Amino acid sequence: MVLTFVVPSYNVEDYLGRCLSSLLIEQDLSDTEILIVNDGSKDGTLALAREYESRYPNVIRVIDQPNKGHGGAVNTGVANARGMYVKVVDADDWLDMVALRNVLAELRTQAQAAAPVDLVITNYTYEKQGKRIKKTVRYGSVMRPNTILGWNEVRRFRPDQNLLMHSLIYRTKVLREKAALTLPEHTFYVDNIYAYAPLPQVRTLMYLDEDLYRYFIGREGQSVEEETMIRRIDQLIRVVRAMIDATPGRDAVPAGLYRYMIHYLTINMAIDSVFMVLSKDRENYRRKDELWSYLAEHAPEADAAVRGTVIGRLLTVRGPLGRGLIRLGYGIAHNIVGVN
């Protein structure tokens, strides 16, 4: 088995069919599987999943479990994956069919190689509801495509150019055996841990310049909406603390990997800091300071590196001036760059 698609599914009756249709593109699906993890849905998600399972019994498996949150569903999927590689596809997202054929061809090549790469990276597109112009995150400025690379051959990432869950296809062994990844249950935003904690176990990677993943955002109540993120600040903090705990020492990993991990940790410290300030809640101002203290205490090398960046210096200006700078920076990013 070459590839397992893990599809965490919770109350996605209206979207699951679109997702599955984008995965069922090959005439010969004998070396791929689709593992739908129904995470205690209360709508018709499970019935729809079972219907697809009956139509494609050799390809689709359904696991029905009590609700454990996105992390719990991913954990179940990874634990039961039979493919050499694993790709998480959220049930309200989908994959580009042409890009998927090209990616599958490379994965099949890797499956026959003496030393298959640990991580395959592809592009992803923000499919924002109501927006005609789509933003695609690509990595051609960072990595040479179609080449087996080590981390020291990876160049610097821009602030808006991160390796998200949507861009990653891990070798299953890396997640399950080497990294022994277990995501927190009943917690949002754990995809940031998924895209961060296993990286020190990745020795080789390959970038395919394919616009594979279509990331659907902008629907009401989604976890990345501004008001929703402010309500879930405690979960944002929990995730970033887990990332801090997973940050290796500078000398423990290749320099290129450490540089990237500091980059991504900085972005996540910024996200938490921004939403704690946007809440206009004095208790959250205090929690922001606590989070930065946690970084200093538990990962002092990383703390110095994060604070040494331009973003880090802006985030750690104290008092009303610091909060004003954060609100100004967020407004610019929101209105000009287009971040959520």
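A quick note: this is a predicted structure, and the numbers were derived from the prediction, not measured.

Engineer: Help me understand the overall build of the protein chain in this model?
Structural biologist: The helix and strand tally for the protein chain stands at 13 helices and ten strands. In terms of overall size, the protein chain behaves like a compact globule, its C-alpha atoms giving a radius of gyration of 20 Å where 340 residues would be expected to give roughly 20 Å. Each principal axis of the C-alpha atoms in the protein chain carries an extent, and together these give about 60 × 45 × 35 Å. For the protein chain, the proportion of its 340 residues judged to be buried stands at 54%. Of all intrachain contacts in the protein chain linking residues separated by at least 6 positions in sequence, the fraction that spans at least 24 positions is 78%. Total accessible area on the protein chain is roughly 15,000 Å²; 50% of this is exposed by carbon and sulfur atoms.

Engineer: Would you explain the side chain of Thr172 in this entry?
Structural biologist: Tracing the sequence through the fold places Thr172 in helix 5 (residues 172-178). Among the residues examined, Thr172 registers a relative accessible area of 3% and is labelled buried. Excluding residues within four positions of it along the chain, Thr172 makes contact with Val78, Ala81, Gly83, Met84, Tyr85 and Val86.

Engineer: In this structure, what is going on with the pattern of salt bridges? I would like to understand it.
Structural biologist: Taken as a whole, this structure holds 17 salt bridges when the rule is applied. Measuring nitrogen to oxygen at the nearest pair gives 3.8 Å for the salt bridge that ties Arg144 to Glu153. Under the relative-accessibility criterion, Arg144 is labelled partly exposed at 42%. Under the relative-accessibility criterion, Glu153 is labelled partly exposed at 39%. Arg238 is the salt-bridge partner of Asp234, the closest N and O atoms lying 3.9 Å from each other. Of this pair, Asp234 and Arg238 both sit in helix 8 (residues 233-246), four residues apart, which is roughly one turn of that helix. The network of salt bridges with common partners includes Glu33, Arg61 and Arg82.

Engineer: Please explain the pairing of strand 1 (residues 3-9) as it appears in this structure.
Structural biologist: In summary, the side chains of a regular strand alternate between the two faces of the sheet. Summarising burial for strand 1: seven of the seven residues are buried, a large majority. In terms of strand pairing, strand 1 meets strand 2 (residues 32-39) through seven bridges, oriented parallel. Along strand 2, the bridge assignment pairs Ser9 with Asn38. Following the backbone out of strand 1, through helix 1 (residues 16-23) and into the adjacent parallel strand 2, one traces a crossover that is right-handed.

Engineer: So what exactly am I meant to see when it comes to the packing of helix 1 against helix 2 (residues 45-55) here?
Structural biologist: Two packed helices can be described by the angle between their axes and the distance between those axes. Relative to each other, helix 1 and helix 2 sit at 25 degrees, their axes nearing to 10 Å. Comparing their axes, helix 2 and helix 1 come out roughly parallel. In the packing of helix 1 onto helix 2, the handedness of the crossing is right-handed. Along the contact surface, helix 1 presents Leu16, Gly17, Leu20 and Ser21, while helix 2 presents Thr45, Leu48, Ala49 and Tyr52. Among the residues forming the contact of helix 1 with helix 2, the class breakdown is five nonpolar, three polar and no charged.

Engineer: When you look at the packing of helix 8 against helix 9 (residues 255-278) in this model, what are you seeing that I'm missing?
Structural biologist: At their nearest, the axes of helix 8 and helix 9 sit 10 Å apart, and the two run at 160 degrees to each other. Relative to helix 9, helix 8 is oriented roughly antiparallel. The hand of the helix 8/helix 9 crossing is left-handed. Residues Ile233, Leu236, Ile237, Val240, Met243, Ile244 and Ala246 of helix 8 form the contact with helix 9, whose own contacting residues are Met261, Tyr264, Leu265, Asn268, Met269, Asp272, Phe275 and Met276. Residues of the contact of helix 8 with helix 9, tallied by class, amount to 13 nonpolar, one polar and one charged.

Each value, and the rule that gives it
- Residues numbered from 1 in each chain as written.
- Predicted model: local features only at pLDDT ≥ 70, side-chain atom pairs only at ≥ 80, totals over all residues.
- Heavy atoms only, no water.
- Helix = DSSP H or I, 4+ residues; strand = E, 2+ residues; numbered from the N terminus.
- Rg over C-alpha atoms; globule rule 2.2 N^0.38 Å.
- Buried < 20%, exposed > 50% of the residue type's maximum accessible area, 1.4 Å probe, protein only.
- Contact = heavy atoms within 4.5 Å.
- Areas by Shrake-Rupley, 256 points an atom, 1.4 Å probe, with all protein chains shown as cover.
- Salt bridge = Lys/Arg side-chain N within 4 Å of Asp/Glu carboxyl O.
- Pairing = 2+ DSSP bridges.
- Right-handed = clockwise from strand over helix to strand, strands pointing away.
- Axes fitted to C-alpha atoms, helices over the stretch in contact; angles between N-to-C directions.
- Parallel < 35°, antiparallel > 145°, perpendicular 65-115°, else oblique.
- Left-handed = near helix turned anticlockwise from the far one by under 90°.
- Nonpolar A, V, L, I, M, F, W, Y, C, P; charged D, E, K, R; others polar.

All quantities given are derived from atomic positions and should not be read as evidence of function.
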